[in-house]
Amino acid sequence: MKNRIIFSLLIITCFFACKPSLEKGSADQKLQAKADSLLSQLTLEEKIAMIHARTKFSTGAVPRLGIPSLRMSDGPCGVRMEINLDNFDPIGWGNDDGIYLPALTAVASTWNPELAEETGTILGQETRIRGKHIQLAPGINIHRSPLNGRNWEYMSEDPFLISKLVVPLIQGLQSNGVAACVKHFALNNQETNRCTVNVKADERALREIYLPGFEAAVKEGGALAVMGSYNKFRGQYATYNKHLVQDILKGEWGFKGTVISDWDAAHNTLEAGNDGLDIEMGTERPYDKYFMAKPMFDAVKQGLVSEKSIDDKVRRILYVMLKLNAINEAPFDTTGMRAKLAIPKRCMATRKVAEEAIVLLKNSNNILPLDISKMKSLAVIGANAIAKHSFGGGSTTIEARYEITPLEGLQKKLGNKVKINYTPGYPQTLKSDWQNYDNTLDTISPKMIAEAVEVAKKSDYVIIFGGLNHNFKLEAEGVDRKNMKLPYGQDLLISEVVKANPKTIVVLLCGSPVELGGWFHSVPGLLQNSFLGMEAGNALAEVIFGDVNPSGKLPYTFPKKLADSPDHALGEYPGKDGIIHYNEGLYVGYRYYDSKKVEPMFPFGYGLSYTQFKYSDLTVPKEIIGSSDSVVVHFNIKNTGQYDGKEVAQLYIHEQKCTFERPLKELKGFAKVSLKAGETKTVKITLNKRAFQFYNPAKKAWVAEPGIFDLLVGSSSRDIRLKGETILK
Ligand code: BGC
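A brief structural summary. (Residues numbered from 1 in each chain as written. Predicted model: local features only at pLDDT ≥ 70, side-chain atom pairs only at ≥ 80, totals over all residues. Heavy atoms only, no water.)

## Notes on the overall build of the chain
Cut-off, in case you're wondering: Strands are runs of DSSP state E lasting at least 2 residues, helices are runs of H or I lasting at least 4, and numbering of each runs from the N terminus. Atoms counted for the radius of gyration: C-alpha only. Globule rule: 2.2 Å times residue count to the power 0.38. Burial classification: accessible surface area is computed with a 1.4 Å probe over protein chains only, and a residue below 20% of its type maximum counts as buried, one above 50% as exposed, and the rest as partly exposed. The contact criterion used is simple: two residues touch if any of their non-hydrogen atoms lie within 4.5 Å. All accessible areas in this document rest on Shrake-Rupley with a 1.4 Å probe, and a residue is counted as covered only by the protein chains that are shown. A residue counts as positive if it is Lys or Arg and as negative if it is Asp or Glu; His and the chain ends are not included. For the purpose of locating charges, the reference atoms are NZ of Lys, CZ of Arg, CG of Asp and CD of Glu.
Counting secondary structure elements, the chain contains 19 helices and 27 strands. For the chain, the C-alpha radius of gyration of 26 Å lies close to 27 Å, the compact-globule estimate for 729 residues. Along the first, second and third principal axes, the C-alpha atoms of the chain reach 75 × 70 × 50 Å. The 729 residues of the chain split such that 62% are buried. When contacts within the chain are restricted to residue pairs at least 6 apart in sequence, those whose partners lie at least 24 apart make up 77%. If you sum the accessible surface of the chain, you get close to 27,400 Å²; carbon and sulfur atoms cover 53% of it. For the chain, the distance from the average site of its 90 positive side-chain charges to the average site of its 81 negative ones is 4 Å.

This is the structure we're talking about:
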């Protein structure tokens, strides 16, 4: 009897435990069956129409079966303005100005998964309102070189941080009935020669550094689309790279969605047909000349590509359409569209992200936050104080409903209580055509510097807004920066200004590290920000004047100089004879700086607050059994300062001895904790099995090697406050 009860209980438990996956499985199976039924009614011509572009951002439709053309748009800072069908010029309807979100580097600087989800939700809502099925975002390529012109569009140098943020972002986005298209798969880590470069990376670096973000996006986030990148990987174009697409993405990870090429990334009909590319998108040729258009039709007829592989592509496209309820959908109607875009609630939500993205790098003698009551005048210097960054950078370009500049944010905050003296200080001009090279990059204007010095002298405090912008050859698509220096003579400007008025705060707006000149030692306050979206100016003013306590942390290492960065130190950037060897292997970002003992300017995970946090009482399990699903680590954090604030506690692991090489530190957990002044909280971080594992290429599997692990809890990767040890058995 007792056994019968236990047995029944087991069945009941198993039923409830298994129910969600059973339901999911069967719902999915129903979709697959519907996809198959539609597929069986299609002619080869119709199938071919569905697998390539028929305008710049859409595929062919099959109206007789209610199959729409898939409509796509770029992101991720918002939904790109409507462009012409056959070229990239804005169509100019005047109703597509929408939300302008902080860049993904900013989202990553928040270290806040809830804000990543909010970002995705906002983006998904606007994508839906704009009538698109697929949002061509997020981009999550690893920051390998500080020079990559698209770093600001991506998140981080660390695969764990990316994974933890990309999953909620995609879930938020897709909760609106639109598909995320995570990009650029994979190893597209520089813009120089991006369309031709052949990347050679070993299997461990691939699995442990370059792929985990994509793996999480697909397996946990449920991304419905993936964009193949421009570059080659081990000799074959990534967009239909057999190892990446067939073996790993569709094979090991079980991806059921669709693989879309980057624009003009396909180069060969047979490989595209046989090695896993599902949709060919592009720019240049007439649509029927696409590799996956008439040439593909002919290849099938000649038996060079099987109709079965075409069916697999079409089934995936239909699956995505069914997931989005797009079959037999009503025609898209733009009536009233503008009123639904950029509603105040959504705009205000972008500000929350911006506020938490701001990283305080230096605050000598607590110069920040500034106190309005203690100043009569404020010098605001720098072209970035009045620059708008929404329109620029390449495919991310959007028509923002509005963009509050730093100067506007300060004017609003200070009203007539403080006199603002503004001068640009350096000659930045923003090009509306991002491919137009800005020839003034190296220009120093002694006249503008002299004016800035005068303005600084007559003001109580100075704030310089500098950094980069989205002009071609700075932070924009298609080309990398040529060096890590601040352009337009900003180093000289800052040095001269701080000599004239030591109460100077520098605010950098850029999504990648820049080399900080000698002025760094004399400037008491420094804030680093990526591009912060439509509410940038307001968010900055809130932090500068203390309404918001900064809580951002760097999602990448800030090297002292370019030569310190691993790819440059090894001479493996931008590659030779068309090949780039990722010889640094696993040693990307802080993994390199820590293990090779190179002192960075600011380490990964660094960021100050107006308050202080004390860490204590770390509890870690003494031993872990290799098969345990999760291990919980506890510790306390107390806010010991005067301000309420948020701290990002980071958990790194290190295996003391291992037969395989392992970096000195690897981020495996973090928590953003909000603490009132004086408050203490217990923080709980869960480590799963994968946290202790590495990829063993010989076994083709993730494995852990028994041994002693250090568990390091810190406020940054180089500010470890608590240490524990656990034995993995
Ligand atoms: C970019 C992609 C973008 C596509 C469409 C390409 O140049 O690399 O990120 O989605 O253009 O605009």
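After that view of the structure, there is still more to cover.
## Let's talk about the packing of helix H4 (residues 113-129) against helix H13 (residues 344-357)
Condition: Here an axis means a line fitted to C-alpha atoms, over the contact stretch when the element is a helix, while the angle between two N-to-C directions is reported on a 0 to 180 degree scale. Helix crossings are classified by the rotation of the near helix relative to the far one: an anticlockwise turn of less than a right angle makes the crossing left-handed, while a clockwise turn makes it right-handed. Side-chain classes follow a simple rule in which Ala, Val, Leu, Ile, Met, Phe, Trp, Tyr, Cys and Pro form the nonpolar group, Asp, Glu, Lys and Arg form the charged group, and the remainder, Gly included, forms the polar group.
For the pair H4 and H13, interaxial distance at closest approach is 10 Å and the crossing angle is 150 degrees. As H4 packs across H13, the resulting crossing turns out to be left-handed. Mapping the contact onto sequence places Leu115, Glu118, Thr119, Ile122, Gln125, Glu126 and Ile129 in H4 and Arg346, Ala349, Thr350, Lys352, Val353 and Glu356 in H13. Classifying every residue of the contact of H4 with H13 by side-chain character gives 5 nonpolar, 3 polar and 5 charged.

## Some details on the pairing of strand E20 (residues 630-639)
Put simply, the rule reads: Paired strands, in this sense, are two strands between which DSSP finds at least two bridges.
Where strand E18 (residues 613-619) and E20 come together, 5 bridges link them in antiparallel fashion. Bridged to threonine 619 within E20 is histidine 634.

## So, the nonpolar core
Convention followed: Residues enter a nonpolar core if they are buried and are Ala, Val, Leu, Ile, Met, Phe, Trp, Tyr or Cys, with the set joined through side-chain atoms within 4.5 Å.
Residues Phe185, Leu187, Leu244 and Leu318 are the most contacted members of the largest nonpolar core, which totals 134 residues. Top contributing element to this core by residue count: helix H5 (residues 159-174), with 9 residues. Each residue touching leucine 244, except ones within four places of it in the same chain, is listed here: Phe185, Ala186, Leu187, Leu206, Leu211, Phe233, Ala238 and Leu249. One finds Tyr426, Ile449, Ala452 and Val498 within the second-largest nonpolar core, a separate group that totals 36 residues.

## Describing the packing of helix H15 (residues 446-457) against helix H16 (residues 490-500)
Put simply, the rule is: Roughly parallel means an angle under 35 degrees; roughly antiparallel means over 145; roughly perpendicular covers 65 to 115; every other angle is labelled oblique.
Running from amino to carboxyl end, H15 crosses H16 at an angle of 30 degrees, the nearest separation of the two axes being 8 Å. By the angle between their directions, the pair H15 and H16 is classed as roughly parallel. H15 and H16 meet at a crossing whose hand is right-handed. Contacts from Ile449, Ala452, Val453, Ala456 and Lys457 in H15 reach Leu492, Leu493, Glu496, Val497 and Ala500 in H16. Across the contact of H15 with H16, the residue classes tally to 8 nonpolar, no polar and 2 charged.

## Re the site of the ligand
Stated precisely, the cut-off is as follows: Proximity criterion: a residue is near a molecule or strand once any of its heavy atoms comes within 4 Å of it. The term polar contact refers here to a pair of N or O atoms within 3.5 Å; inside protein, the definition further demands a hydrogen-donor-capable atom paired with an acceptor-capable atom, and it admits residues adjacent in sequence only when both atoms are side-chain atoms.
Close to the ligand lie 14 residues; Asp74, Arg150, His184, Asp262 and Glu477 are nearest. In the model, an oxygen atom of the ligand is placed 2.4 Å from a nitrogen or oxygen of the aspartate 74 side chain. Arginine 80 places a side-chain nitrogen or oxygen 3.2 Å from an oxygen atom of the ligand. Here the shell around the ligand is composed, by residue class, of 5 nonpolar, 2 polar and 7 charged.

## Regarding the packing of aromatic side chains
Keep this limit in mind: Planes of paired rings set the category: under 30 degrees apart is stacked, over 60 is edge-to-face and the rest tilted, where pairs are Phe, Tyr or Trp rings (Trp by its six-membered ring) whose centres lie within 6.5 Å. When the NZ atom of lysine or the CZ atom of arginine is within 6 Å of a ring's centre and also within 35 degrees of its normal, the charge is said to sit over that ring.
Evaluated as defined, the whole model comprises 24 aromatic pairs. Judged by centre distance (5.8 Å) and plane angle (75 degrees), the rings of tyrosine 695 and tryptophan 702 are edge-to-face. Judged by relative accessible area, which is 3%, tyrosine 695 ranks as buried. One aromatic cluster is present, built from ring pairs that chain together Trp111, Phe160, Tyr590, Phe604, Tyr652 and Phe670. Between the NZ or CZ atom of lysine 596 and the centre of the ring of tyrosine 587, over which it lies, the distance is 4.3 Å.

## Quick look at H13
We apply this condition: Here, expected helix span is obtained from the residue count minus one, scaled by 1.5 Å.
In this model, H13 (14 residues) spans 20 Å end to end at C-alpha, consistent with the 20 Å of a helix rising 1.5 Å per residue. The buried fraction of H13 amounts to 10 of the 14 residues, a majority that puts the element mostly inside the structure. Within the sequence span of H13, burial applies to Arg346, Cys347, Ala349, Thr350, Arg351, Val353, Ala354, Glu355, Glu356 and Ala357.

## A word on the sheet that holds strand E4 (residues 134-136)
The strands that make up a sheet pair up through hydrogen bonds in the backbone, lying either parallel or antiparallel. Pairing is parallel in the open sheet, where 5 strands are placed in the order E3-E4-E5-E7-E10. Each edge of the open sheet is held by one strand with a lone partner, namely strand E3 (72-74) and strand E10 (258-261). Between one strand axis and the next, the sheet turns by 30 degrees as a mean value, whatever way the strands run. The pairing of E3 with E4 spans 3 bridges and is classified as parallel. Note that in E4 the partner of aspartate 74 across the bridge is leucine 136. Helix-sheet contacts for H5 involve E4 and strand E5 (179-185), and the interaxial angle to E5 is about 140 degrees.

## Overview of the pattern of salt bridges
Inclusion rule: We define a salt bridge as a side-chain nitrogen of Lys or Arg found within 4 Å of a carboxyl oxygen belonging to Asp or Glu.
This structure, assessed with the given rule, holds 56 salt bridges. As a salt-bridge pair, aspartate 74 and lysine 183 come within 3.5 Å of each other at their nearest N and O atoms. With a gap of 109 residues between them, aspartate 74 in strand E3 and lysine 183 in strand E5 connect regions that are remote in the sequence. When salt bridges with common partners are traced through the structure, they connect Arg150, Glu153, Glu191, Arg194 and Glu477 into a single cluster.

## Some remarks on the pairing of strand E15 (residues 504-509)
Formally: A right-handed crossover is one whose linking path, passing over the helix from the first strand to the second, runs clockwise when the strands point away from the viewer.
In terms of burial, E15 is a largely internal element, 6 of the 6 residues being buried. Taking every second residue as pointing to the same face, both faces of E15 are buried, with Thr504, Val506 and Leu508 on one and Ile505, Val507 and Leu509 on the other. The pairing of strand E14 (residues 461-467) with E15 spans 6 bridges and is classified as parallel. Each bridged residue has a counterpart across the sheet, and for valine 462 the counterpart in E15 is threonine 504. For the crossover from E14 across H16 to E15, the handedness is right-handed. Here E15 pairs with strand E16 (residues 525-529) via 5 bridges, running parallel. The residue bridging valine 507 from the neighbouring strand is leucine 527, located in E16.

## Points about the sheet that holds strand E23 (residues 680-688)
Here we have 3 strands laid out as an open sheet, ordered E18-E20-E23, and antiparallel in their pairing. The strands lining the two open edges of the sheet, one partner per strand, are E18 and E23. Within the sheet, the average angular offset between the axes of one strand and its neighbour, ignoring direction, is 30 degrees.

## Considerations on helix H10 (residues 294-301)
Here is the rule: Of all possible arcs, the one meant is that of the directions from the helix axis to the C-beta atoms.
Inspection of H10 places Met296, Phe297, Ala299 and Val300 among the buried residues, and these make up the whole buried set. In a view along the axis of H10, the buried residues occupy a sector of 160 degrees, so they form one face of it. Buried residues in H10 make contact with helix H2 (44-50), helix H9 (269-274) and helix H11 (307-323). After H10 finishes, the residue glycine 303 shows a positive phi value of roughly 75 degrees.

## Here's the deal with the state of the cysteines
Selection rule: Here, two cysteine sulfur atoms that lie within 2.5 Å of each other are counted as a disulfide.
Enumeration over the complete set of coordinates arrives at 0 disulfides. In this model cysteine 195 remains outside any disulfide bridge; the closest cysteine sulfur is found in cysteine 181, 17 Å from its own. Overall, cysteine 195 belongs to the partly exposed group, its relative accessible area being 33%.

Coordinates in, geometry out; function isn't part of it.
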